[in-house]
Amino acid sequence: MENKSHNFLKSNLLNKYLVGDTSLEESKEAEHFISTYPEVALAYEKLQDNLEIVTKAGAVEIPKNIFSDILESIEEPNETKIEETKVIPLVQKRKTAWYSIAASAAAILFAATSFMLYQKNIQLNSENNVVVEEIYDLRSDIESNNSKLDELSRELLKLNNPDSRKYVINGNDRAKNLKTVAYINSVEKTSMIDVITLPQLPKEQQYQIWAELQDRMVNLGILDESDRKLKQIPYMEDALALSIKIGTKGDDTSENDTEVAEISLKEN
């Protein structure tokens, strides 16, 4: 019996069985010796332990003499009497092979890669949403600018209309730096004024533009230095002149106002 187990251990079949390099018949033979002979089972267990240690250490190549060392350790005399034990079934004795560990590592790597791709996809979606919002904002700005350009174009058409007359209103000695331009179209019944420069006033005062009629003065609105653009003002059919006055805020009367500019609208 010992010769059979000894010959089996020297045949290298156990080592081939450990790494899964046996045929069906060879696997049955190896399993028979493992379950029948305790010394074969012991050698198989030691081979499994060494394989697992090598696998965990980084898949280092197994030394060529490891199998012979195991055989020598089994053949050495042992004074201690080995008690007869029941051999554990093969299914329970076999441990995780290197390819199982490799498969687990591959699964973990695949899961990690999938998670990273998922996170990257979320980031890209977020960045895409930001780009879409910026595009919408840009379109909104373009539409707003186009609207302003259309409005400016209409105003320029009014200014360049042959029926529009231009009146430059300069300040008198009380406001020498004052300058505004009025555009009046008697055909389309429109009036516009463009503020060029207005000297600064105390907080309680403001510039007002007035239309002089035959029998009265009409307040056409407030002029503000901060509003440096063409401004629509009411058209007065029978206006004789336009004047700019300095008045008190909240006071719509012209009795106490100081006139600083005037221009006649009468035909020469």
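The following paragraphs examine the structure supplied in this document. Sequence order as written defines residue numbering, which begins from 1 separately in each chain. A pLDDT threshold of at least 70 governs which residues receive local features in this predicted model, and a stricter bar of 80 or more applies before side-chain atom pairs are shown or counted, although totals over entire chains, interfaces and linings include all residues. Side-chain metrics rest on all non-hydrogen atoms present in the structure, leaving aside hydrogens and water.

## Some remarks on the sheet that holds strand β8 (residues 258-264)
- Between any two strands, pairing holds if DSSP finds at least two bridges. Elements are defined by DSSP. Helices are runs of H or I of four residues or more, strands are runs of E of two residues or more, and each kind is numbered from the N terminus. Taken together, 4 strands build an open sheet; the order of strands is β5-β4-β7-β8 and the sheet is antiparallel. What marks the edges here is a single partner per strand, and that holds for β5 (217-223) and β8. Averaged over neighbouring strand pairs, the angle between their axes works out to 25° when direction is ignored.
- Two elements, strand β7 (residues 241-248) and β8, share 6 bridges in a ladder whose sense is antiparallel. In the sheet register, Ile-244 faces β8, and the bridge partner there is Ala-261. To obtain an axis, a line is fitted to C-alpha atoms, over the contacting stretch when the element is a helix, and the angle between two such axes runs from 0 to 180 degrees between their N-to-C directions.

## A closer look at the nonpolar core
- We define a nonpolar core as any set of buried Ala, Val, Leu, Ile, Met, Phe, Trp, Tyr and Cys residues linked to one another through side-chain atoms lying within 4.5 Å. Accessibility here uses a 1.4 Å probe with only protein chains present; expressed as a share of the type maximum, an area under 20% marks a residue as buried, one over 50% as exposed, and anything in between as partly exposed. Of all hydrophobic cores here, the largest spans 26 residues; its most connected members are Leu-178, Tyr-207, Leu-223, Leu-242 and Ile-244.
- Secondary structure elements with two or more residues in this core: β1 (164-170), β2 (179-185), β3 (190-197), β4 (205-212), β5, β7 and β8.
- The residues contacting Ile-244, other than those within four sequence positions of it, are Ile-169, Leu-178, Thr-180, Tyr-207, Gln-208, Ile-209, Leu-223, Thr-258, Glu-259, Val-260 and Ala-261.
- Core analysis: the second largest hydrophobic core is formed by 16 residues, Leu-14, Leu-18, Phe-33 and Tyr-44 among them. Any two residues whose heavy atoms approach within 4.5 Å at even a single point are treated as in contact.

## What about the packing of aromatic side chains?
- Pairing of aromatic rings covers Phe, Tyr and the six-membered ring of Trp, with a centre-to-centre limit of 6.5 Å; geometry is then stacked below 30 degrees between planes, edge-to-face above 60, and tilted otherwise. Within this structure, the stated rule accounts for 3 aromatic pairs.
- Taking 5.2 Å as the distance between ring centres and 25° as the angle between the ring planes, the aromatic pair formed by Phe-33 and Tyr-37 counts as stacked. One exposure class covers both Phe-33 and Tyr-37, and it is buried.

## A look at helix α3 (residues 24-36)
- Multiplying 1.5 Å by the helix residue count minus one yields the expected span of that helix. Here α3 spans 18 Å end to end across 13 residues, near enough to the 18 Å set by a 1.5 Å rise per residue.
- Listed as buried for α3 are Ser-27, Ala-30, Phe-33 and Ile-34. Across the axial projection of α3, the buried residues extend over an arc of 130°, all falling on one side. Across from the buried face of α3, at angles greater than 90 degrees, the exposed residues are Leu-24 and Glu-25. Directions pointing from the helix axis toward each C-beta atom define the arc.

## Quick word on the sheet that holds β2
- Read from one edge to the other, the open sheet built from 4 strands follows the order β1-β2-β3-β6, with strand pairing classed as antiparallel. The open sheet has two edge strands with one neighbour each: β1 and β6 (230-233). Neighbour-to-neighbour, the strand axes of the sheet open up by a mean angle of 25°, direction not taken into account.
- In the sheet, β3 pairs with β6 via 4 bridges, with the strands oriented antiparallel. Paired with Met-192 across the strands is Gln-232, a residue of β6.

## A word on the pairing of β3
- Of all 8 residues making up β3, 6 are buried, and the element is well covered by its neighbours.
- As paired elements, β2 and β3 share 7 bridges and run antiparallel to each other. Paired with Ile-184 across the strands is Ser-191, a residue of β3.
- Between β2 and β3, which pair antiparallel in sequence order, lie 4 residues; one of them, Lys-189, sits at a positive phi of approximately 60°.

## With respect to the pattern of salt bridges
- We count a salt bridge whenever a side-chain nitrogen from Lys or Arg sits within 4 Å of a carboxyl oxygen from Asp or Glu. Going through the model one piece at a time under the given rule, you end up with 3 salt bridges.
- Across the salt bridge formed by Glu-237 and Lys-189, the nearest N and O atoms sit 2.9 Å from each other. In this pair, Glu-237 sits in the loop between β6 and β7 while Lys-189 sits in the loop between β2 and β3, placing the two residues 48 residues apart along the sequence.
- Owing to a relative accessible area of 48%, Glu-237 belongs among the partly exposed residues under this scheme.
- For Lys-189, a relative accessible area of 41% corresponds to the partly exposed category.
- The residue Asp-215 makes a salt bridge to Arg-216 at a minimum N-O spacing of 3.4 Å.
- For Asp-215, a relative accessible area of 62% puts it in the exposed group.
- Take Arg-216: its relative accessible area is 47%, and that puts it in the partly exposed class.

## Quick look at the side chain of Asp-194
- Topologically, Asp-194 is positioned in strand β3.
- What Asp-194 contacts, discounting residues up to four positions off in sequence, is Thr-180, Val-181, Tyr-183, Lys-229 and Leu-230.

The quantities given are spatial measurements derived from coordinates; they are silent on function.
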